[in-house]
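Understanding the architecture of this molecule
Below are the chains, spelled out letter by letter.
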There are 2 protein chains.
Amino acid sequence: MSSKFTTREADFPRWYQEVVAAGDLAENAPVRGCMVIKPHGYALWENIRDRLDQMFKETGHVNAYFPLFIPKSFIDKEADHVEGFAPEVAVVTHAGGKQLEEPLVVRPTSETIIGHMYAKWIQSHRDLPVLINQWANVVRWEMRPRLFLRTTEFLWQEGHTAHATAEEAEAETLQMLEVYARLAEDYLAIPVRKGIKSRMETFPGALRTYCIEGLMQDGKALQMGTSHNLGQNFAKAFDIQFQDTDGQRKHVFTTSWGVSTRLVGAVIMAHGDDRGIVLPPRVAPVQAVLVPIFRKPEERDAVLAAARRAIDGLKAAGVRAKLDDREQLKPGPKFFEWEKKGVPVRLEMGPRDLKDNQVVMVRRDQEGKNAVSLDVLTETVLKTLEDVQSSLFERALERRDAMTNKAASMGEFEEILDGTGGFVEALTDGTDESEKAVKDNTKATIRIVLEDGDVGGECMVTGKPATRRALFARAY
Amino acid sequence: MSSKFTTREADFPRWYQEVVAAGDLAENAPVRGCMVIKPHGYALWENIRDRLDQMFKETGHVNAYFPLFIPKSFIDKEADHVEGFAPEVAVVTHAGGKQLEEPLVVRPTSETIIGHMYAKWIQSHRDLPVLINQWANVVRWEMRPRLFLRTTEFLWQEGHTAHATAEEAEAETLQMLEVYARLAEDYLAIPVRKGIKSRMETFPGALRTYCIEGLMQDGKALQMGTSHNLGQNFAKAFDIQFQDTDGQRKHVFTTSWGVSTRLVGAVIMAHGDDRGIVLPPRVAPVQAVLVPIFRKPEERDAVLAAARRAIDGLKAAGVRAKLDDREQLKPGPKFFEWEKKGVPVRLEMGPRDLKDNQVVMVRRDQEGKNAVSLDVLTETVLKTLEDVQSSLFERALERRDAMTNKAASMGEFEEILDGTGGFVEALTDGTDESEKAVKDNTKATIRIVLEDGDVGGECMVTGKPATRRALFARAY
């Protein structure tokens with residue numbers, strides 16, 4: 001039962017590949033860059049999706065569905081957008097046995113087609129705001145694919161809203177950023193830094209892009225979600241106008257925001273250990289698994305009956321509990337399998353436990369075992385799940401804070417990156433050139449602009465007076 | 001508030017288009033044959049999906065996700081399958097700025113790519129059965145598109161299972177047919193005939209195709225779901241083998257089964273009336289809407305406060321209830337809007353009602369209004385929703401039975417089809433030729449084979465001894 005995985009320290013990318021496979025989450029598809037999301041991985045995504053969907057509905061949004069195919073001419077309508085996405089789109093040129101008159105792009109994101117529809121739907125201030133989300137698959141041709149983190153096809157949600165004023169659009173953009181941060185912290189147990197992107201890192205076609213950034217155990221940042229204030233860029237490109245209360249026709253202000261199956265990758269890299277993945281209880285497909293133990297046939301019935309009662313009690317209390325009563329597998333391999341699948345709480349019940357009116361409980365995030373009386377099993381499991389949830393968050397937070405540093409010079413900056421890695425706060429003169437120089441020299445990018453303006457100090461690149469304080473990191 | 005729609009009797013297809021648009025369910029996308037599913041239509045689909053997903057899980061299935069793109073060579077591996085689907089696939093030839101070495105087909109269905117994966121996953125009898133479903137979009141190039149009924153892209157679920165024996169595969173195929181029939185009858189309130197397809201109507205690559213068939217108000221049948229026993233056809237094409245308990249390597253037996261957004265079309269055509277769509281309460285996004293009525297500002301507060309209390313009571317009882325408190329719309333247009341959206345129960349509350357401690361209740365499926373005491377509002381609405389649900393089913397059943405007839409000759413057969421339409425039971429000699437002759441002459445197809453063998457009587461086409469009793473209809 002000891003780990004067979006490459007350790008995180010020895011080779012993090014390889015560890016990642018191994019635990020994703022061993023955790024039965026996903027594997028590569030025969031089409032390069034695409035993935036098959038296996039049942040355990042998909043159930044995890046479903047839990048994330050359902051939670052987020054509820055948060056969207058609580059903030060007044062509704063779901064809809066827009067087509068997979070976008071006329072190529074649509075993508076071309078917004079100058080930055082086409083520049084950003086044209087190199088990575090997949091194009092349908094033939095269909096129904098014929099060459100198409102106009103090639104169709106498989107959506108890399110849906111601002112353009114949704115903009116086209118909103119132009120029809122929105123006529124008056126009474127039609128605003130429009131608050132729509134869609135759950136969909138999108139395709140961006142990927143040169144260096146990695147399961148969940150970067151795949152040619154991925155699953156995501158994309159919210160698209162339209163508003164009468166710039167202020168409302170900005171408020172919506174920030175509200176959804178907050179929703180994402182809550183999802184990450186309260187459900188995925190991943191502390192995030194949130195804030196605004198630099199111009200270079202802004203979504204093609206957006207006025208401003210906000211993001212949440214998590215820090216993975218290898219010291220690299222992962223952008224976990226983005227929320228874009230699109231200003232009137234798409235409204236002008238697609239002529240989305242409304243008659244305002246003053247009788248004037250005006251362009252709307254739009255936003256878009258999304259998170260994807262990449263979040264599954266975040267969970268793995270934030271919490272996994274050298275024994276495999278570790279799932280936060282609030283999104284774990286199975287929160288508690290019970291493995292019955294018996295040798296003799298006469299033990300079997302008594303143990304299984306007690307195990308079923310325990311599972312029923314847990315389920316009645318809302319725990320996603322599973323009885324692993326597979327006959328052909330011994331307990332050892334079962335323990336190992338659930339460990340690799342990251343199940344937060346494992347319960348073991350044998351004849352002796354039964355006699356002592358107890359089960360043995362093992363937390364996935366800790367070493368050691370504890371005996372728990374069957375009389376208090378349900379409440380103990382409920383409490384333990386909450387403990388695991390908060391422990392994972394606390395551990396990730398400590399790690400993140402320990403890996404967040406300030407650099408006063410390029411020398412310090414590189415030293416930190418090559419040492420612990422993590423987030424590095426530093427000053428620059430705010431130019432694209434300096435940002436690019438940092439990236440070219442160190443592979444670190446601005447994850448979040450913390451402050452623009454009179455920040456004091458000197459740019460670590462040019463030595464000129466600094467006008468920007470930013471959070472840098474090497475990132476996925 | 002009178003209907004502005006073309007009547008069903010005057011022009012059913014046009015009525016359909018008009019009520020779909022007026023009900024705000026969907027509209028055509030800028031790409032021919034594709035649709036945009038609007039929030040109200042999508043919420044209806046979500047309710048159908050969630051119910052079905054629960055039924056799948058109750059029968060032991062899990063969800064997963066397979067890629068959108070399938071290498072063209074995969075489709076070519078099963079002879080019937082390629083013949084069936086090649087003419088209607090969309091093909092990606094360029095991606096990432098380059099021409100692809102092998103073109104990629106946008107999945108029309110996923111037997112091939114899933115077969116490829118199952119060949120890797122299945123090694124031993126211990127790996128069986130595999131019971132996986134996926135919710136996905138698929139693309140089949142459509143020459144005569146119609147919203148929900150026939151669209152180039154549609155949303156669906158496709159179950160794909162693998163079994164050790166032919167018997168288990170057949171049992172699974174029939175179990176899922178039963179699940180579909182329950183969904184149709186108990187939730188969509190549409191009575192269905194279920195049974196087996198003729199060879200000509202069998203899914204390309206299947207051994208046997210079973211289906212559920214509903215009858216629409218215009219007398220045309222609609223295939224609402226199919227369940228295929230694929231035998232070992234795909235197992236052989238993709239080499240899906242397992243080591244059985246006897247040590248022998250054997251090909252598995254597979255099934256696949258699916259329903260799609262077409263079900264939304266079925267609901268519209270089965271229950272809609274000349275005032276618009278009518279939704280069965282169990283899947284209606286809004287089950288009860290309350291429209292407050294007031295003229296003077298001093299009435300406003302009292303009415304709205306009472307309305308909110310009523311809505312809270314309904315929601316607490318699990319009713320999907322909505323308060324329509326939009327300020328800029330008068331009650332009349334609100335009534336009309338909810339009627340067109342098919343909401344089963346409408347409540348109206350004005351100052352006089354409030355004084356009398358009552359609301360006015362209007363059932364979407366009936367004429368007339370009833371006063372309901374506020375003291376018993378919640379239980380009355382709950383009971384009424386159940387009544388509407390069963391009334392819709394009963395009405396559809398009566399209609400279906402009235403439109404189910406027997407024909408002893410081609411003359412009678414055509415007379416029925418051109419008269420009431422509907423299902424026609426008739427005898428044939430069981431050959432493809434006779435089936436084709438019926439189709440060519442009357443546009444009717446075999447929806448279900450009722451009995452093969454010694455059925456007595458004569459083939460209505462050839463006059464030869466009949467060997468088949470079948471249910472025919474003109475169909476969507």
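Residues numbered from 1 in each chain as written. Chains lettered and ligands numbered in written order. Predicted model: local features only at pLDDT ≥ 70, side-chain atom pairs only at ≥ 80, totals over all residues. Heavy atoms only, no water.

1. Examining the environment of Met143 of chain A
- Inspection of the secondary structure assignment puts Met143 of chain A in the loop between strand E7 (130-139) and strand E8 (153-163).
- Spatially, the C-alpha atoms of Met143 of chain A and Gly33 of chain A are 7.6 Å apart, while their sequence positions differ by 110 residues. (Helix = DSSP H or I, 4+ residues; strand = E, 2+ residues; numbered from the N terminus.)

2. Here we look at the interface of chain B and chain A
- Every contact between the two is made by 53 residues of chain B and, on the other side, 53 residues of chain A.
- Between chain B and chain A, the buried area comes to about 4,200 Å², and carbon and sulfur atoms account for 67% of it.
- Together, Pro30, Tyr65 and Phe69 of chain B form the three largest contributors to the area buried by chain B at its contact with chain A, with a combined 14%.
- Where chain B meets chain A, there are two salt bridges. (Contact = heavy atoms within 4.5 Å. Buried area = accessible area lost by both parts, 1.4 Å probe. Salt bridge = Lys/Arg side-chain N within 4 Å of Asp/Glu carboxyl O.)

3. Details of the sheet that holds strand E19 (residues 370-373) of chain A
Residues and elements named next belong to chain A.
- With mixed pairing, five strands are arranged side by side in an open sheet as E16-E15-E17-E18-E19. What marks the edges here is a single partner per strand, and that holds for strand E16 (321-323) and E19. Averaged over all pairs of adjacent strands, the angle between their axes in this sheet comes to 30°, without regard to strand direction.
- Each of strand E15 (288-292), E16 and strand E17 (345-349) touches helix H9 (residues 297-316); the most contacted strand, E16, lies at about 165° to it.
- The strands that helix H10 (residues 331-340) touches are E15, E16 and E17; relative to E15, the one it contacts most, it runs at about 170°. (Pairing = 2+ DSSP bridges. Axes fitted to C-alpha atoms, helices over the stretch in contact; angles between N-to-C directions.)

4. Examining the domain arrangement of chain A
- Domain assignment breaks chain A into domain 1 (12-271), domain 2 (288-387) and domain 3 (404-474).
- Between the C-alpha centres of domain 1 of chain A and domain 2 of chain A there is a distance of 40 Å. (Domains from an automatic or database assignment.)

5. Some remarks on helix H13 (residues 410-418) of chain B
Residues and elements named next belong to chain B.
- If you check which residues of H13 are buried, you get Met410, Phe413, Ile416 and Leu417. All buried residues of H13 lie within an arc of 130° about the axis, which places them on one face of the element. Exposed residues lying more than 90 degrees from the buried face of H13 are Glu415 and Asp418.
- Turning to H13, the residues buried within the fold contact strand E20 (404-406), strand E21 (423-428), helix H14 (432-442), strand E22 (444-452) and strand E23 (468-474). (Buried < 20%, exposed > 50% of the residue type's maximum accessible area, 1.4 Å probe, protein only. Arc of directions from axis to C-beta.)

6. Examining the relation of the copies chain B and chain A
- Each copy of the sequence occupies a distinct position, and chain B is placed on chain A by a rotation of 180° and an axial shift of 0.0 Å, giving an RMSD of 0.0 Å. On the angle and the small slide along the axis, the relation comes out as a two-fold axis. Closest to the rotation axis within chain B is the C-alpha of Val92 of chain B, separated from it by 2.1 Å.
- The residues that chain B uses at the interface reappear at the interface of chain A in 100% of cases, marking a shared surface. (Least-squares fit on C-alpha atoms with pLDDT ≥ 70 in both.)

7. Thoughts on the packing of aromatic side chains
Residues and elements named next belong to chain B.
- Counting across every chain of the model gives 23 aromatic pairs over all chains.
- On the numbers, 5.8 Å between centres and 40° between planes, the contact of Phe66 with Trp121 is tilted. Residue Phe66 is found in the loop between strand E3 (62-63) and strand E4 (69-71), and its partner Trp121 is found in helix H5 (residues 111-121); the two are separated by 55 residues along the sequence.
- An aromatic cluster is built from Trp45, Phe56, Trp135, Tyr180 and Trp257, whose rings are joined through pairwise contacts. (Phe/Tyr/Trp six-rings, centres within 6.5 Å; stacked < 30°, edge-to-face > 60°.)

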